[in-house]
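# Close look at the chain arrangement
What follows is the residue order along each chain.
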Amino acid sequence: MSGDKYRAALDAAAKQLSYRALSAKMLRDKLLDKGHDEQAADYALAWLMERRLLDDAAYAESVVRSYARKGYGAMRIRQELTRRGVDRETAEAAMQSFSPDRAQLHALLDKRLHGDVSDRKEIDKAVAALQRRGFSWGDIRDALAEYGESLPDEWE
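Calculation criteria
Residues numbered from 1 in each chain as written. Predicted model: local features only at pLDDT ≥ 70, side-chain atom pairs only at ≥ 80, totals over all residues. Heavy atoms only, no water. Helix = DSSP H or I, 4+ residues; strand = E, 2+ residues; numbered from the N terminus. Rg over C-alpha atoms; globule rule 2.2 N^0.38 Å. Contact = heavy atoms within 4.5 Å. Areas by Shrake-Rupley, 256 points an atom, 1.4 Å probe, with all protein chains shown as cover. Lys, Arg positive; Asp, Glu negative; His and termini not counted. Charge placed at Lys NZ, Arg CZ, Asp CG, Glu CD. Core = buried A, V, L, I, M, F, W, Y, C linked by side-chain atoms within 4.5 Å. Buried < 20%, exposed > 50% of the residue type's maximum accessible area, 1.4 Å probe, protein only. Axes fitted to C-alpha atoms, helices over the stretch in contact; angles between N-to-C directions. Left-handed = near helix turned anticlockwise from the far one by under 90°. Nonpolar A, V, L, I, M, F, W, Y, C, P; charged D, E, K, R; others polar. Phe/Tyr/Trp six-rings, centres within 6.5 Å; stacked < 30°, edge-to-face > 60°. Lys NZ or Arg CZ within 6 Å of the ring centre and 35° of its normal.

For the rest of this paragraph, the subject is the overall build of the protein chain. Tallying secondary structure elements over the protein chain gives 9 helices and 0 strands in all. Scanning the protein chain from its N terminus toward the C terminus, one meets helices and strands in the order α-α-α-α-α-α-α-α-α. Taken over the C-alpha trace, the protein chain has a radius of gyration of 21 Å; the compact-globule value for 156 residues is 15 Å, which it surpasses by more than 25%. Principal-axis analysis of the C-alpha atoms gives the protein chain an extent of 75 × 25 × 25 Å. Long-range pairs, those at least 24 residues apart, make up 62% of the contacts in the protein chain between residues at least 6 apart in sequence. Total accessible area on the protein chain stands at roughly 9,400 Å², and carbon and sulfur atoms take up 48% of it. Here the protein chain holds 27 positive side-chain charges and 28 negative ones, and the gap between their average locations is 6 Å.

Have a look at this one:
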């Protein structure tokens, strides 16, 4: 009889993974929320990890690629990895391949500024928007300089 709870947890875990990729923590939380006990949930996770059907490193790399494609910066991507239950070491390993896409930064600046870099208020708004997307000040400053803005001394 006790083997049934392990099979049920494994079936539920496989069903969840058939919908979309999840981190181990997210999958464990879903199993516990659905009433599976901790022992059965841990068994299901171990079984799936052993067979590389559940892999936080691959999952984290996929999240990094996806959010980079959507035009987000490193800080926002790290925040998303943490929210999804990826541990810091795995997240940092996945972030090694990340570098901000200059073309995306320029496109985001152009969307806000429309080629006009004369209005300081609009530049401030564009900078704030990029910061909300998780880009660092260094990346934003470089992108602004490349975009054609010579920064006033007080911005340095």
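Once you've had a look at it, read on.
Attention shifts here to the nonpolar core. If you look at the biggest cluster of nonpolar residues, it comprises 30 residues, and the most contacted ones within it are Leu27, Ile77 and Leu81. Looking at this core, the elements that each hand over two or more residues are α1 (2-19), α2 (24-33), α3 (38-50), α4 (56-69), α5 (74-83) and α6 (88-95). Setting aside residues no more than four positions away along its own chain, leucine 81 makes contact with Ala60, Val63, Val64, Val86, Ala91 and Met95. Ranked by size, the runner-up nonpolar core spans 12 residues in total, among them Leu113, Ile123, Leu130 and Tyr147.

Where α5 meets α6, the closest approach of the two axes is 10 Å, and the angle between their N-to-C directions is 145 degrees. Relative to α6, α5 is oriented so that their crossing is right-handed. Across the interface between the two elements, Ala74, Ile77, Arg78 and Leu81 from α5 touch Ala91, Glu92 and Met95 from α6. Class assignment of the residues belonging to the contact of α5 with α6 gives a composition of 5 nonpolar, no polar and 2 charged.

Glancing now at the packing of aromatic side chains. Counted by the stated rule, this structure contains 2 aromatic pairs. Judged by centre distance (5.1 Å) and plane angle (65 degrees), the rings of tyrosine 6 and tyrosine 43 are edge-to-face. Of the two residues, tyrosine 6 is situated in helix α1 and tyrosine 43 in helix α3; the sequence distance between them amounts to 37 residues. Ring plane angle 45 degrees and centroid distance 5.4 Å describe the contact between tyrosine 67 and tyrosine 72, whose orientation is recorded as tilted. For the pair shown, tyrosine 67 and tyrosine 72 are each scored as buried. A cation over an aromatic ring shows up here: lysine 70 above the ring of tyrosine 67, its NZ or CZ 4.7 Å from the ring centre.

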